[in-house]
Amino acid sequence: GFEYAKFINGCKQDVLIQEYIEGKEFSVVALEQNDEWIIFDPTEIEFNKTFFTYEEKYLPGAISKYTPARFSSKIISLIKETIKKIITFIEPQDIIRIDGILQANTEIIYIIDVNSFPGTAPNSFTFIQAAQEGITPANFINTLLKNSLEKKNTPLKIIKKEEGQQKKLKIGIMLGGISNEKEISLESGRNVFYKLPESMYDKTVLFF
C-alpha cells in the first residue's frame with residue numbers, strides 16, 4: 001500500500017511512498033464508442049532500470065514496447081476484466097488510460113495510475129493500441145469529438161453544404177501550459193492538428 005512519510009534531513013514536505021512491486025508494467029487505453037467501451041490490448045513496457053523513469057517514458061527509443069503485451073491470453077483477459085471493473089466504478093468519459101503491474105510469477109495485477117486523458121503524441125500508447133483495432137488516428141480523434149459534442153446535445157456535423165460550398169467545423173486545439181509535461185502537450189497538440197484533415201475542419205491552435 002501507500003504510506004505518508006516525511007524527509008528526515010530538515011525537509012518538512014510530505015511524500016508518498018509506494019511499496020516496490022517486482023513484475024511487468026503495462027498500459028491499457030480504452031475508448032468510449034456508441035455508449036460502450038472498447039478496451040484495447042495492453043502494451044507491455046520493458047524498461048532498463050529499477051523504475052520506469054520520466055526519461056525512459058518520453059525519450060524515443062529509450063524503452064521497448066510490445067503491443068499486444070507478451071502475456072498469456074488468460075492474463076490479457078484478466079487485465080481487460082480489471083479495466084472494465086474500474087471503468088464501471090469511476091465512470092470516466094470518452095477515453096482513459098490505466099497503468100498497472102503484473103506481479104512476477106503470479107497472476108496478481110496492481111493498478112498504479114489512472115489517466116483521464118492520455119497523451120496523443122505520434123508514438124503514444126493511444127494510437128499504437130488503436131491501430132491494433134484498425135482505428136486510424138483521425139477516426140480516433142473524430143470519435144472523441146463526436147462523444148464530447150453529443151454529451152452536450154450538439155451532434156457532430158463535420159461537413160455541411162451551404163449555398164453550394166462546404167462549411168467546415170471550427171475547432172480550437174489547446175496546447176502548452178506550465179506543467180512539467182509542457183513538451184508532451186505541445187507534441188500531442190501538434191500531432192492532433194496534423195491528424196485532422198483540412199477538408200473537414202477549420203483548425204486554430206491555442207497556446208497557453
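Please read all numbers here as calculations on a predicted model, not as lab measurements. Along each chain, residue indices are assigned from 1 in the same order as the chain's sequence is written. The predicted origin of the model limits local features to residues at a pLDDT of at least 70 and limits the giving and counting of side-chain atom pairs to 80 or more, whereas totals for whole chains, interfaces and linings rest on all residues. By convention in this description, side-chain values take in all heavy atoms of the structure and omit both hydrogens and water.

### Focus: the packing of helix α3 (residues 125-132) against helix α4 (residues 137-151)
We apply this condition: The convention used is that axes are lines fitted to C-alpha atoms, helices contributing only their stretch in contact, and that angles between N-to-C directions extend from 0 to 180 degrees. Secondary structure counts use DSSP, requiring at least four H or I residues in a row for a helix and at least two E residues in a row for a strand, with both numbered from the N terminus. Here the word oblique covers every angle except those under 35 degrees (roughly parallel), over 145 (roughly antiparallel) and from 65 to 115 (roughly perpendicular). Contact between two residues is taken to exist if any of their heavy atoms lie within 4.5 Å; hydrogens are not considered. Each residue gets one of three labels, nonpolar for Ala, Val, Leu, Ile, Met, Phe, Trp, Tyr, Cys and Pro, charged for Asp, Glu, Lys and Arg, and polar for the others, Gly among them.
Across the interface, α3 lies against α4 with an axial gap of 10 Å and an inter-helix angle of 105°. With respect to α4, the element α3 is oriented roughly perpendicular. Contacts between α3 and α4 pair Thr 126, Phe 127 and Ala 130 from the former with Pro 137, Phe 140 and Ile 141 from the latter. Considering only residue class, the contact of α3 with α4 consists of five nonpolar, one polar and no charged.

### Considerations on the layout of surface pockets
Rules: Points on a 1 Å grid over protein atoms alone make up a cavity when a 1.4 Å probe fits among them but cannot get out, and a pocket when they form an open set with protein on both sides within 12 Å along at least five of seven lines; lining residues each have an atom within 4 Å of a point. Grid points are joined across faces, edges and corners, and a volume is the space filled by probe spheres set on the points.
Looking at the largest pocket, its volume works out to about 1,200 Å³. If you trace the largest pocket, you find 45 residues lining it, with Phe 117, Pro 118, Gly 119, Thr 120 and Ser 188 closest to the centre. Within the residue set of the lining of the largest pocket, elements represented by two or more residues are α1 (54-58), β7 (95-103), β8 (109-115), α3, α4, β10 (165-175) and α5 (182-195). Grouping the amino acids of the lining of the largest pocket by side-chain chemistry returns 22 nonpolar, 14 polar and nine charged. Empty space within the second largest pocket amounts to approximately 750 Å³. Lining the second largest pocket are 27 residues, and of these Glu 25, Phe 47, Phe 51, Phe 52 and Ile 112 lie nearest its centre. Where the lining of the second largest pocket is concerned, the elements lending two or more residues are β3 (23-33), β5 (43-46), α1, β7 and β8. Tallied by class, residues from the lining of the second largest pocket come to 11 nonpolar, four polar and 12 charged.

### Some words on the nonpolar core
Nonpolar side chains in soluble globular proteins tend to end up buried together. Which entries qualify depends on this criterion: Residues belong to a common nonpolar core when they are buried Ala, Val, Leu, Ile, Met, Phe, Trp, Tyr or Cys residues joined through side-chain atoms within 4.5 Å. Remark: exposure states derive from per-residue accessible area (1.4 Å probe, protein chains only) relative to the maximum for the residue type, with buried under 20%, exposed over 50%, and partly exposed in between.
The biggest cluster of nonpolar side chains holds 22 residues, and the ones touching the most others in it are Leu 31, Phe 40, Ile 135, Phe 140, Ile 173 and Leu 196. At the level of secondary structure, the elements contributing two or more residues to this core comprise β3, α3, α4, β10 and α5. Within the second largest apolar cluster, 16 residues are counted, among which are Phe 26, Ile 76, Ile 79 and Ile 83.

### Quick word on the packing of aromatic side chains
Formally: Between 30 and 60 degrees the pair is tilted, below 30 it is stacked and above 60 it is edge-to-face, where a pair is any two Phe, Tyr or Trp rings, Trp via its six-membered ring, whose centres lie within 6.5 Å. Whether a charge sits over a ring depends on NZ of Lys or CZ of Arg being within 6 Å of the ring centre and within 35 degrees of the ring normal.
By the definition in use, this model includes four aromatic pairs. Measuring from ring centre to ring centre gives 5.7 Å for Phe 127 and Phe 140, while their planes differ by 80°; the resulting arrangement is edge-to-face. In this pair, Phe 127 sits in helix α3 while Phe 140 sits in helix α4, placing the two residues 13 residues apart along the sequence. Assigned by exposure class, Phe 127 and Phe 140 land together as buried. Ring geometry for Phe 193 and Tyr 194: centres 5.4 Å apart, planes at 85°, overall edge-to-face. The class of Tyr 194 is exposed, set by a relative accessible area of 61%. The positively charged end of Lys 65 is found above the aromatic ring belonging to Phe 125, 5.0 Å away from the centroid. Residue placement shows Arg 70 over the ring face of Tyr 66; its charged tip is 3.8 Å from the ring centre.

### Side note on the pairing of β3
Here is the rule: Between any two strands, pairing holds if DSSP finds at least two bridges.
Counted residue by residue, β3 has eight buried out of 11 residues, so it is predominantly covered. As defined by bridge partners, β3 adjoins β7 across nine bridges and the pair is classed as antiparallel. By the bridge assignment, Leu 31 is partnered in β7 with Ile 95. Taken together, the three bridges between β3 and β5 define a ladder with antiparallel strand orientation. Of the residues in β5, the one forming a bridge with Ser 27 is Thr 43. Examined bridge by bridge, β3 and strand β4 (residues 36-39) share four bridges and lie antiparallel to one another. By the bridge assignment, Gln 33 is partnered in β4 with Glu 36. The loop that links β3 with its antiparallel partner β4 comprises two residues; one of these, Asn 34, has a positive phi angle of about 55°.

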